[in-house]
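Listed below, chain by chain, are the residues.
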Amino acid sequence: MTTDTGLRQQERVVNTELARLLRERCSLNAEAELSVSGRYPDILVGGLTCPVILETEFAPARSVDDDALAKLGLPINGIPTGITFAVTLPADLRSIRQSDLYDRLASSTFAWRDWYLDATSGSLLRGGFADLCEHVRRAEPPTDDLARAVEILERGAIDAGSIIASNPVSLTRVAGVFDRDPGEEVANTAALMVINALVFHGRLSSASLETPVPPLPHDALNYGRALTSAWYEILLRDYWPIFRTAYDVLNALAPSDSHRFALACSEVADALAAVTATVRHDLAGQVFNRLVADRKFLAAFYTSIPAATMLAGLALAPERWSDVDWSDIETLRRFQVLDPACGSGTLLVSSYKQVVQNHRERHPDPSSVRNELHKTLVENSIGGADVVDAGIHLTASSLAAMVPDVTFEQMKLHVLPLDVDPVDGPRLGSLDWLSSDQVQTMFSGVGEQVGSLSGITSTVVERPTPALVIANPPYRRHESATGEGEYRNKVFGHLPLTRGSQLSTRLSSMLSGTPGNQIAGLASAFVALSDTLIEPDGRLAFVLPATAMSGSSWESVRNMLACKYEVETVISSHDANRPHMSYDTEIAEVLVVARKNSATAPSSGRARFVNLRRRPSNETEAIAVVNAIRRQDRAAVIAADQPPVGGTPLMLGNDEWGSAVEAPIDSGAWLASRWLNAECAQFMYSLVNGVLWDVGATSHIAELSILPIEEFYSISPHHRQIRSRSAPFEIVERWSATDRFPALWHYAESTHSKLAAVPNANLRLKPDRDHAATWKHAGTLHVTPDVRTTSQPISAVTTTIQSLGVRSWYSLRLKGGNDDRPKAREIAASLWLNSTLGMLCHSSYAGRSQQGRSTGSRTMLRTLPTLDVRALEGWQLDAAERIFSEFRNVPFEPFYRCAADTNRIRLDDMLVRDVLGVGDGGIEAVARLRQLLAREPSIYGNKAPVLA
């Protein structure tokens, strides 16, 4: 390349070449140096979810942010510009000859910040041209646009659906289209499908098709009839995934309803056309998830686009697939991506986008094969299955909309039934692949594969062999000790009792010998399924409940991943307001990406954990997080099982979004995902190994005997073994000193704020029941597996009389009958469990399903790392008794206030100094731990952190 130091290239020339690059390398509709309403945006990009403007300036670009802000709201074809990019150009581009500028821009590094209509901005990012291009391509409209579109669509679907619901004849016929029982859900879903088809029809009408489709009818005397006529012509050519169901709905309506219903749906589509969020692929999916109760019975929540972008972006990061030629379409034809519980298709659409991006970055002329690539992906590479037919149609619609002017013959999308067939017996959707090489399909009762031109193909689907299984599976679980009936009611309760029991029995049989189980729920079953489908070097990528990282019912899954896979990335959101990865849930979730090892390649037994301070709020932020993680993949990060020094920062430009650590994994709790600040995890790893570090993390200041609590305590039975139909007792929620069998029942925040407690319930013995085996577990030390840290102060209490913990409490009894001071050891255990050290252990091993709440189980208590009180000497026990005597009736504040609770601070200091025998260094270390925990969003939850 030739340079001339005397050359000073003009910015408008650079903009022209950059716009050409965006057109030719990225297939974006970019124009430079236009006049719009008397204003001059540097580069205007159309054809996206909303108009996007790029304002550019050579470094140091002191005024580029002001320029970008000034262009916000500029109307383009009547639509206000909702996003502008402030792009800093490398200063050395000034001296590049115009003939060389195009190639130099393609290899340059840019800095940019995106600005939104509300005058807020994202992080300042840096990257190459491909990174900038992908951020522009995935720029999203303002949040208020999306919220308005969702409201319009949801309200419109309900209003239009009421026309169907009000006529029993129409309702029954439409229910037949979906093979569902008549009801509001069916009517609303039907309306959503028709509105969705109308919106897509509008897009087709404006697309550059070789043979234009019939236009949307106007001023028709019978709008429903005119619409079905237009859709019939479209169906003769293609687009079965989008129009077939909508066409059937209109044909099923009574003549008196067809015109009114179609007009109502058309009005909604017209209203959506004025909102820039209309072309977002997840719009109908969000509304579908709200309207369709079928999704709720499986707790199948809708994956957010940012989470899907992160999961697909990491699972399909090109450098993780060294043997895949992303530029070769024939290679991609054989590269299979499967979502076995695809819902409305968000993960599949994100996977599609990432594959296209990989191809675009490596193909010399990607625009020349755009149509062929799209056809290859939707016909061969991207596959999905679900038990809800409307979700499959939305998935098909979203994929087809990626390039609406390209037709295709069929898609690899299947509706698989969840029911009991009179001939074939129980069918469990894609989970049937666990035990069969072929699975029966179902669509409106005729066994149809979505997307075929003829409408009907084979009625069975062969067992797939994907390179990647990506899913956000339903995760219903039961909560009882035995639990079969409770689980059946939650998962299969929409079905008649007999059929639900058959399905539950069938699922138990299929999961036998796999790491999945019904206690963990359906999500573990889908992980087990993916393991059977993918070959070595393939990957699984899942959205899982955060309890999968520590829950006892997930031990087998964790063990499978630790032994058979390289767990490449685990992402946890510690955003106080958004710990979840799905919409419509507040349950904390994690993203897991793992590569399957060959039989001869042992796993490293370690994983990389990314803990986010903020969950990305849009697609471009998610891309930035993915790119930051991919950069970290190329370098070492700090280990979680080393002295508490914190993790390796995850930087997006100048902003720290979280940190990463590498940590050991096995079937036990994966502690590194539990805490935002890696210091807490490192503190915990050290404590499990009996080590307490000084504040500077330079030396051990104590070596403690820390063991699982079951090593020296027996734990009382699950409450269903104490008070249920087959158990010896029933509960009476009152207590007096004369009651024979006192109990601790529900946790009462008003009274359980001190170390000492009294029973709050009474167990009444049933006639002719043997109670001895149960009552022998009664004791005076009681611990709760669940702690709501925003309101509960303690995790353990002692009673003066023998009592039995029920439901919220478990009673502990010291093992071995020859101890000379069992009561003193119980007291020492109580001090430990309620100290900051003990609460760190509890919160680390309990589930982080909700912010401000640590949720555990009896099994969690068994493995809970605890001070081995058997190892304490007489002077230590004496000190414990003195401390307990002073604190037994002293109230503590909720644990999220640990850094400011003077009583907790005094308890910590006295425990460390007088019982553990550690000096000022230990007191300082625990004081730092309190400050760290007080800053953890999962501890303070919906409260404000209290630091002093």
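Reading the values: the criteria
- Residues numbered from 1 in each chain as written.
- Predicted model: local features only at pLDDT ≥ 70, side-chain atom pairs only at ≥ 80, totals over all residues.
- Heavy atoms only, no water.
- Helix = DSSP H or I, 4+ residues; strand = E, 2+ residues; numbered from the N terminus.
- Rg over C-alpha atoms; globule rule 2.2 N^0.38 Å.
- Buried < 20%, exposed > 50% of the residue type's maximum accessible area, 1.4 Å probe, protein only.
- Pairing = 2+ DSSP bridges.
- Axes fitted to C-alpha atoms, helices over the stretch in contact; angles between N-to-C directions.
- pLDDT = per-residue confidence, 0-100.
- Contact = heavy atoms within 4.5 Å.
- Parallel < 35°, antiparallel > 145°, perpendicular 65-115°, else oblique.
- Left-handed = near helix turned anticlockwise from the far one by under 90°.
- Nonpolar A, V, L, I, M, F, W, Y, C, P; charged D, E, K, R; others polar.
- Salt bridge = Lys/Arg side-chain N within 4 Å of Asp/Glu carboxyl O.
- Disulfide = S-S within 2.5 Å.
- Phe/Tyr/Trp six-rings, centres within 6.5 Å; stacked < 30°, edge-to-face > 60°.
- Lys NZ or Arg CZ within 6 Å of the ring centre and 35° of its normal.
- Core = buried A, V, L, I, M, F, W, Y, C linked by side-chain atoms within 4.5 Å.
- Expected span 1.5 Å × (residues − 1).
- Polar contact = N/O pair within 3.5 Å; in protein donor to acceptor, adjacent residues only side chain to side chain.

Engineer: Explain the overall build of the protein chain here, please?
Structural biologist: Each helix and strand counted, the protein chain has 31 helices and 36 strands in total. For the protein chain, whose C-alpha radius of gyration is 31 Å, the value lies close to the compact-globule estimate of 30 Å for 948 residues. Judged by the C-alpha coordinates and their principal axes, the protein chain covers about 90 × 80 × 55 Å. The 948 residues of the protein chain split such that 61% are buried.

Engineer: Just checking my understanding: could you explain the sheet that holds strand β32 (residues 796–805) for this structure?
Structural biologist: In any sheet, the strands associate via hydrogen bonds between backbone groups, in a parallel or an antiparallel arrangement. Here 7 strands make up an open sheet; going across it, the order is β27-β33-β31-β32-β29-β30-β28 and the pairing mixed. In the strand order of this sheet, the two ends are held by β27 (713–715) and β28 (729–732), each with one partner. The sheet shows a mean angle of 40° between the axes of neighbouring strands, taken without regard to direction. Pairing geometry for β28 and strand β30 (residues 761–765), over 4 bridges, is antiparallel. Counterpart to Ile-731 in the pairing with β30 is Leu-763.

Engineer: Is there a simple way to think about the environment of Ile-83 in this case?
Structural biologist: Locating Ile-83 in the fold gives a position in strand β6 (residues 83–89). On the basis of relative accessible area, Ile-83 is assigned to the buried category, the value being 1%. Sequence separation between Ile-83 and Trp-115 is 32 residues, and the spatial gap between their C-alpha atoms is 5.6 Å.

Engineer: Whenever I open this one, the confidence of the model for the protein chain confuses me. Can you help?
Structural biologist: Keep in mind that low pLDDT regions are not for reading the predicted coordinates in detail. Looking at the protein chain, the pLDDT average stands at 88 and 91% of residues meet or exceed 70. When the criterion is pLDDT under 50, residues 293–299 qualifies, and its contacts beyond four places in sequence or with other chains add up to 29 contacts. For the stretch residues 443–458, pLDDT sits under 50, and the model shows 55 contacts to residues farther than four places along the chain or on other chains.

Engineer: Can you help me understand the packing of helix α20 (residues 522–533) against helix α21 (residues 555–564) in this one?
Structural biologist: A pair of packed helices is characterised by two quantities: the angle between their axes and the separation of those axes. Close contact between α20 and α21 brings their axes to 11 Å; oriented N to C, the two are set at 25°. If you check the angle between α20 and α21, you find them roughly parallel. You can see that α20 and α21 cross each other, and the crossing is left-handed. Contacts between α20 and α21 involve Ser-524, Val-527 and Asp-531 on the former and, on the latter, Val-557, Met-560 and Lys-564. Broken down by class, the residue content of the contact of α20 with α21 amounts to 3 nonpolar, 1 polar and 2 charged.

Engineer: Mind showing me how you'd approach the pattern of salt bridges here?
Structural biologist: Opposite charge on two side chains permits them to pair, given that their charged atoms come into close proximity. Tallying each qualifying case throughout the model produces 40 salt bridges. Residue Arg-825 pairs with Asp-819 through a salt bridge whose shortest N-O separation is 2.7 Å. Each of the salt bridges in this network shares a partner with another, and the network as a whole consists of Glu-134, Arg-137, Arg-138, Lys-353, Arg-360 and Glu-619.

Engineer: What is the right way to read α21 from this model?
Structural biologist: Given 3.6 residues per helical turn, the α-helix brings residues three or four places apart onto the same face. Within α21, burial applies to Val-557, Arg-558, Met-560, Leu-561 and Ala-562. On its buried side, α21 packs onto α20, β18 (539–545), β19 (565–573) and β20 (589–596).

Engineer: I tried to follow the sheet that holds β6 on my own but got confused; where do I start?
Structural biologist: On the basis of which strands lie adjacent, the open sheet formed by 6 strands has the order β1-β2-β3-β6-β7-β8 and mixed pairing. Both edges of this open sheet fall to β1 (29–32) and β8 (125–128), since each of them pairs with a single strand only. Adjacent strand axes in the sheet meet at a mean angle of 30°, parallel and antiparallel pairs treated alike. Relative to β8, strand β7 (residues 109–116) is paired through 4 bridges, and the arrangement is antiparallel.

Engineer: How do you make sense of the state of the cysteines when you look at a structure like this?
Structural biologist: Linking two cysteines covalently through their sulfur atoms gives a disulfide. As enumerated under the stated definition, the model contains 1 disulfide in all. Disulfide pairing is shown between Cys-26 and Cys-133; the S-S distance is 2.2 Å. Here Cys-26 is found in helix α1 (residues 11–26), whereas its partner Cys-133 is found in helix α4 (residues 129–137), with 107 residues between them in sequence. The pair Cys-26 / Cys-133 is uniform in exposure class, with both members buried.

Engineer: Just checking my understanding: could you explain the packing of aromatic side chains for this structure?
Structural biologist: To describe a pair of aromatic rings, you give the distance between the ring centres and the angle between the ring planes. Tallied over the entire structure, the rule returns 11 aromatic pairs. Geometrically, the ring pair formed by Trp-231 and Phe-243 is tilted, given 5.6 Å between the ring centres and 50° between the ring planes. Of this pair, Trp-231 sits in helix α8 (residues 223–237) while Phe-243 sits in helix α9 (residues 240–252), placing them 12 residues apart in sequence. Note on Phe-243: relative accessible area 0%, which makes it buried. Plain terms: the ring middles of Phe-887 and Phe-892 are 6.1 Å apart, the flat faces sit at 15° to each other, and that makes the pair stacked. Through successive ring pairs, a cluster of aromatic residues spans Phe-200, Trp-231 and Phe-243. In this structure, Arg-674 packs its charged tip against the face of Trp-675, placed 4.2 Å from the ring centre.

Engineer: How should I be thinking about the nonpolar core in this particular structure?
Structural biologist: Most often, soluble globular proteins keep nonpolar side chains buried together rather than apart. Grouped together as the largest cluster of nonpolar side chains are 146 residues, with contacts concentrated most on Trp-231, Phe-243 and Phe-261. For this core, the element with the most residues is helix α7 (residues 184–206), which contributes 13 residues. With near-sequence residues (within four places) excluded, Phe-261 lies in contact with Ala-160, Gly-161, Ile-163, Ile-164, Ala-190, Ala-191, Val-194, Val-249, Leu-250 and Leu-253. Counting 137 residues, the second largest nonpolar core, distinct from the first, contains Met-510, Phe-526, Ala-546 and Met-560.

Engineer: Can you help me understand the packing of α7 against helix α10 (residues 255–273) in this one?
Structural biologist: For the pair α7 and α10, the least separation of the axes is 9 Å and the interaxial angle reads 55°. Taken together, the axes of α7 and α10 lie oblique to each other. Taken as a pair, α7 and α10 cross one another with a handedness that is right-handed. Residues Ala-190, Ala-191, Val-194, Ile-195, Leu-198 and Val-199 of α7 form the contact with α10, whose own contacting residues are Phe-261, Cys-265, Ser-266, Val-268, Ala-269 and Leu-272. Here the contact of α7 with α10 is built from residues that sort into 11 nonpolar, 1 polar and no charged.

Engineer: Help me understand α7 in this model?
Structural biologist: The end-to-end C-alpha distance of α7, which contains 23 residues, comes to 34 Å, matching closely the 33 Å that a straight helix rising 1.5 Å per residue would cover. With 17 of 23 residues buried, α7 lies mostly within the body of the structure.

Engineer: When you look at the environment of Asp-114 in this model, what are you seeing that I'm missing?
Structural biologist: Of note, Asp-114 is situated in strand β7. Residue contacts for Asp-114: discarding those within four places in its chain leaves Ile-83, Thr-84, Phe-85, Thr-120, Ser-121, Gly-122 and Thr-620. Polar contacts involving the side chain of Asp-114 include one to the side chain of Thr-620, which spans 3.3 Å.

Engineer: Please explain the side chain of Ser-397 as it appears in this structure.
Structural biologist: Relative to the helices and strands, Ser-397 resides in helix α17 (residues 389–400). Excluding residues that lie within four positions of it along the chain, Ser-397 makes contacts with Asn-196, Phe-200 and Ile-242.

Engineer: Looking at this structure, how should I read the environment of Val-592?
Structural biologist: Tracing the backbone through its elements, the reader meets Val-592 in strand β20. Other than its neighbours up to four places away in sequence, Val-592 contacts Leu-311, Leu-540, Ala-541, Phe-542, Leu-544, Met-549, Val-567, Thr-569 and Val-570.

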